[in-house]
Amino acid sequence: MPKHDLACPHLGELTPYQSARRIGGSGDVWLNANESPFPRDPMVMDVSEYHRYPDHGPAQVHTAYARYAGVDPSRVLALRGADEAIDLLVRGYCRAGADRILLCGPTYGMYELCAKVQDAGIVDVPLDADDRLDVEAICAVNNVRVVFLCHPNNPTGNALNHADLEAVIAHFAGRALVVVDEAYIEFCPERTVVPLLETHEHLVVVRTLSKAFGLAGVHVGFLLAGADVMDTMRKIVAPYPLADPCAQIALHALADEGLARMRREVELLAAERDSFAAALDTLPCVAHVRPSATNFVTATFPRVETAWAALLADGIVARRMPHPRLADAIRFTVGSAADMQRVLKALAPLPGD
Ligand SMILES: Cc1ncc(COP(=O)(O)O)c(C=O)c1O
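Residues numbered from 1 in each chain as written. Predicted model: local features only at pLDDT ≥ 70, side-chain atom pairs only at ≥ 80, totals over all residues. Heavy atoms only, no water.

J.: Please clarify how the UniProt feature "domain: Aminotransferase class I/classII large" (unreviewed entry) in the protein chain should be interpreted in this entry.
T.: Under the local residue numbering, the UniProt record ascribes the feature "domain: Aminotransferase class I/classII large" (unreviewed entry) to residues 46-347. As annotated, residues 46-347 has a helix share of 38% and a strand share of 15%, and its two end C-alpha atoms lie 48 Å apart. (UniProt positions renumbered as here; feature names shortened; annotations may be inferred. Helix = DSSP H or I, 4+ residues; strand = E, 2+ residues; numbered from the N terminus.)

In C-alpha cells form, the structure reads like this:
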C-alpha cells in the first residue's frame, strides 16, 4: 500500500511532549516527574459493577472535590489529569489555524503542546528576571483566547504574586479565558485564586491529584470554572472521563482521612525541600537555588554538564529543561530524605566555577 500522509499537515513537525516517563533514564533515584515519594496503601475495591460503564459525572467525586476546594459541585469537572483539562480548554476555546494562547515561559510544556496540536498560535510573554509575570506586557497583547498562568510555576518553583494575578485576570474579563494551573497549590494553599472564581466568569482553575495527593499513577485532575465554561467543557469531554477504579481511589483520597494524610505528607515534603535547598546552596558547584513553593527545587550550575554527569553516574534521574533560560539548570523533585542525601553526596565533591 503506498504511504500517504493523511495526518494533519501541522502535526508533521510536532515533537510529542517529552514527559519524564517518555525520556526515561536509568537509575534508582527518580526525581524527574515531581511525583510523591510516599507509596500508597493497599485498598479494597468494589468491582461488582465493572461490567457497566462508569458514571459519566462522577457526581460523588465532584462533590468530594468541591468540599475540599471550597466551591459548589456544579463548578467541578473531574478529568484524566490536569493535562486533559488543559487540552479541553484549548480545544474548546481556540479555533484551529485562527486563535492564539498566551503563556509565560519558562513554564509547563503542555500549554504549548496542546496549542500546537490544535494548530493554535502561541504568544510567549516571558517571566521577568525574578520569575514574576510581566503584567504590562501581558496586558498589551490583543487577540488571545486563553491565557495560561502556572501558579506556582513549573519549572521555576515560585508562586506568582497575587496582585499580578488579579491584574491579569481583571484585564482579560470579556477578552479571554484566564486559566490558572494550580497543580502544586497544596504546597502553598493560602495562595489559591479559587475565591476569585465567584466574581470572574472567565477564570478557570486547574488542579490535580498527581502531586501532593501522591496519585500520579491514577491520573485524576480537576477543572474548576463557572457555568459558561462548564457548559462548553461538557460538550467536548469524553463520555466516560474517569474509569471507576480511579474514581474510587480519588474518593478515598478526598475523604477526611485522605486529606489529613495529604496535609501531613505536604508538611514532611516542605521540610525536606527546605533543608535540601539550604544544603544545595552551600555546595561549590551550585550557582543559584531558586526559592520553591512546590515539591521540587530548581538550581543552576556553572558547569551543568558536569553536575548532570555526576548525578547520572550515581543513578540519580533528575530533570533538565528545554527552555534556553534554563539551559544551566537542573530540577530536582523532592523525594525521601535518603534520596536527597544521595543528590547532595553526588554533587558535593564537584568543584565550583
Ligand atoms: C504545572 C503542571 N500542570 C499540570 C501537570 C499535569 O498534571 P496531571 O498529572 O494531573 O496531568 C503537571 C505535571 O507535571 C504540571 O507540572
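J.: Sorry if this is basic, but what is going on with the domain arrangement of the protein chain here?
T.: Quoted interface sizes are often the accessible area lost when the parts come together. Considered domain by domain, the protein chain is made up of domain 1 (9-38 + 258-347) and domain 2 (59-257). Its C-alpha centre places domain 1 at a distance of 23 Å from the equivalent point of domain 2. With 33 residues of domain 1 at the contact, the number on the domain 2 side is 40 residues. Roughly 2,600 Å² is buried in total at the junction of domain 1 and domain 2, and carbon and sulfur atoms are behind 62% of that figure. Contact with domain 2 buries surface across domain 1, with Tyr17, Leu259 and Arg325 losing the most and accounting together for 22% of the total. The interface formed by domain 1 and domain 2 includes two salt bridges. With a closest N to O distance of 2.8 Å, Asp131 and Arg290 form a salt bridge. For the pair domain 1 and domain 2, the number of links is 18 residue pairs in polar contact (both at pLDDT 80 or more). Breaking the side of domain 1 that touches domain 2 down by element, the ones donating at least two residues are α9 (256-281) and β10 (296-300). Considering each element in turn, the side of domain 1 that touches domain 2 owes the most residues, 10 residues, to α9. (Domains from an automatic or database assignment. Contact = heavy atoms within 4.5 Å. Buried area = accessible area lost by both parts, 1.4 Å probe. Salt bridge = Lys/Arg side-chain N within 4 Å of Asp/Glu carboxyl O. Polar contact = N/O pair within 3.5 Å; in protein donor to acceptor, adjacent residues only side chain to side chain.)

J.: When you look at the packing of aromatic side chains in this model, what are you seeing that I'm missing?
T.: Aromatic ring pairs are defined here through the distance separating the ring centres and the angle between the ring planes. Taken as a whole and judged by the stated rule, the model has 10 aromatic pairs. On the numbers, 5.7 Å between centres and 80° between planes, the contact of Tyr108 with Tyr111 is edge-to-face. Just as Tyr108 is buried, Tyr111 falls in that class too. Within the aromatic cluster, the residues linked to one another by ring pairs are Tyr17, Tyr108, Tyr111 and Phe148. One residue, Arg331, lies across the ring of Phe296, its end atom 5.5 Å from the ring centre. (Phe/Tyr/Trp six-rings, centres within 6.5 Å; stacked < 30°, edge-to-face > 60°. Buried < 20%, exposed > 50% of the residue type's maximum accessible area, 1.4 Å probe, protein only. Lys NZ or Arg CZ within 6 Å of the ring centre and 35° of its normal.)

J.: So what exactly am I meant to see when it comes to the state of the cysteines here?
T.: Where two cysteines share a covalent bond between their sulfur atoms, that bond is called a disulfide. Throughout the structure, instances matching the rule amount to zero disulfides. Cys150 carries a free sulfur, and the closest cysteine sulfur to it, the one in Cys104, is 10 Å from it. (Disulfide = S-S within 2.5 Å.)

J.: What is the right way to look at the nonpolar core in this model?
T.: Core analysis: the biggest nonpolar cluster contains 86 residues, and Leu133, Phe222, Leu280, Phe301, Phe332 and Leu347 have the highest contact counts within it. The biggest single contributor to this core is α9, with seven residues. Here this core spans two domains, and each of domain 1 (9-38 + 258-347) and domain 2 (59-257) adds at least three residues to it. The contact partners of Phe301, leaving out residues within four places of it in the chain, are Cys285, Val286, Ala287, Ala307, Asp328, Ile330, Phe332 and Leu347. In this structure, Ile101, Ala115, Val146 and Leu177 belong to the second largest nonpolar core, which totals 32 residues. (Core = buried A, V, L, I, M, F, W, Y, C linked by side-chain atoms within 4.5 Å.)

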